Amino acid sequence: MTAVIEVIQKKNRRFWGWFTIVAFAMFVLFSVFSYRDTAAHPGLRPGRPLPELTTTTVAGEELALVEAAAGRAVIMIVSPTCDICSSDMMEIVEVFESSAMDEYERPEDILWLILQSEGMPRSVFMEAYRRGMELGIGIAMVAVEEGRNLGITRVPVTVALRPDGTIASVSYPRETSERR
């Protein structure tokens, strides 16, 4: 009887040994492919240049994101259907109009990258858009799908740029608790 139990235990140890080896090999393969995918699609990551992305200007011309952001200190990624985006944009416009902006010296330092969608723009968004354009804030547009390709999970997103055009930081200024 003990011989039978020993044979069963030996088979169990062999099975779990092979199972562990296969699981470890699968983990390593998954990690390698995940790393390759991350390197191939950098999205918006600090220390890296802006990704290759074609934007559309207000005038209808197509520019690379790098060209649209040239000379700017920050890119604010917004959506016309987002209430928080609209209020943040209006806040920036009002601060510039009152000449009390400390964080950015000039309206020309900001680029609003608008994720175009099928939804109806908020009236506050349209007012901020118009007034921001009058102040000289840069405006570029991309499709919502392009935003997803950049790794954007929610808006607004603030992308700080270094003087050489690489990404200094990516932040979501509004906390989740403020969104409720």
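You'll find the structure just up there.
What you see is a predicted model, and the numbers here were worked out from it, not measured in a lab.

In the structure shown here, the tally under the stated rule is four aromatic pairs. Arranged with centres 6.1 Å apart and planes meeting at 25 degrees, the rings of phenylalanine 15 and phenylalanine 19 form a pair that is stacked. Of this pair, phenylalanine 15 and phenylalanine 19 both sit in helix α1 (residues 2–40), four residues apart, which is roughly one turn of that helix. The exposure class of phenylalanine 19 is partly exposed, given its relative accessible area of 43%. Chaining the aromatic ring pairs together yields one cluster made of Phe15, Trp16 and Phe19.

What follows is about helix α3 (residues 83–97). An ideal rise of 1.5 Å per residue puts 21 Å on 15 residues; α3 measures up with 21 Å between its terminal C-alpha atoms. Ile84, Cys85, Ser86, Asp88, Met89, Met90, Ile92, Val93 and Phe96 are the residues of α3 that are buried.

So, about helix α4 (residues 123–135). An ideal rise of 1.5 Å per residue puts 18 Å on 13 residues; α4 measures up with 19 Å between its terminal C-alpha atoms. Among the residues making up α4, those that are buried are Phe125, Ala128, Tyr129, Arg131 and Gly132. In this fold, the buried residues of α4 make contact with β3 (74–78), α3, β4 (110–116) and β5 (138–143). Two residues or fewer past α4, glycine 136 is found with a positive phi of approximately 105 degrees.

Moving on to the environment of threonine 166. Tracing the backbone shows threonine 166 in the loop between β6 (157–161) and β7 (167–171). Under the relative-accessibility criterion, threonine 166 is labelled buried at 14%. For the pair formed by threonine 166 and arginine 48, sequence separation is 118 residues and the distance between their alpha carbons is 5.4 Å. Apart from residues lying up to four places away in sequence, threonine 166 is in contact with Gly47, Arg48, Pro49, Ala160 and Leu161.

What follows covers a positive patch on the surface. On the surface, Lys10, Lys11, Arg13 and Arg14 cluster together to form a positively charged patch. Positionally, arginine 14 belongs in helix α1.

A word on a nonpolar patch on the surface. A contiguous nonpolar patch, built from Phe24, Phe27, Val28 and Val32 and spanning about 390 Å² of accessible area, is present on the exposed surface. The topology assignment puts valine 32 in helix α1.

Another point: the nonpolar core. Among the nonpolar cores identified, the biggest contains 41 residues, and Leu44, Leu50, Ile75, Ile77, Trp112 and Val159 are the most heavily contacted of them. Take this core: its biggest share by element is seven residues, from α3. Once residues lying within four places of it in the same chain are set aside, the contact partners of tryptophan 112 are Met76, Met89, Ile92, Val93, Ala128, Tyr129, Gly132, Ile137, Gly138, Ile139 and Ala140.

What counts, and at which threshold
Residues numbered from 1 in each chain as written. Predicted model: local features only at pLDDT ≥ 70, side-chain atom pairs only at ≥ 80, totals over all residues. Heavy atoms only, no water. Phe/Tyr/Trp six-rings, centres within 6.5 Å; stacked < 30°, edge-to-face > 60°. Helix = DSSP H or I, 4+ residues; strand = E, 2+ residues; numbered from the N terminus. Buried < 20%, exposed > 50% of the residue type's maximum accessible area, 1.4 Å probe, protein only. Expected span 1.5 Å × (residues − 1). Contact = heavy atoms within 4.5 Å. Patch = residues over 30% accessible without salt bridge, like charges linked within 9 Å, V, L, I, M, F, W, Y side chains within 5 Å. Areas by Shrake-Rupley, 256 points an atom, 1.4 Å probe, with all protein chains shown as cover. Salt bridge = Lys/Arg side-chain N within 4 Å of Asp/Glu carboxyl O. Lys, Arg positive; Asp, Glu negative; His and termini not counted. Charge placed at Lys NZ, Arg CZ, Asp CG, Glu CD. Core = buried A, V, L, I, M, F, W, Y, C linked by side-chain atoms within 4.5 Å.

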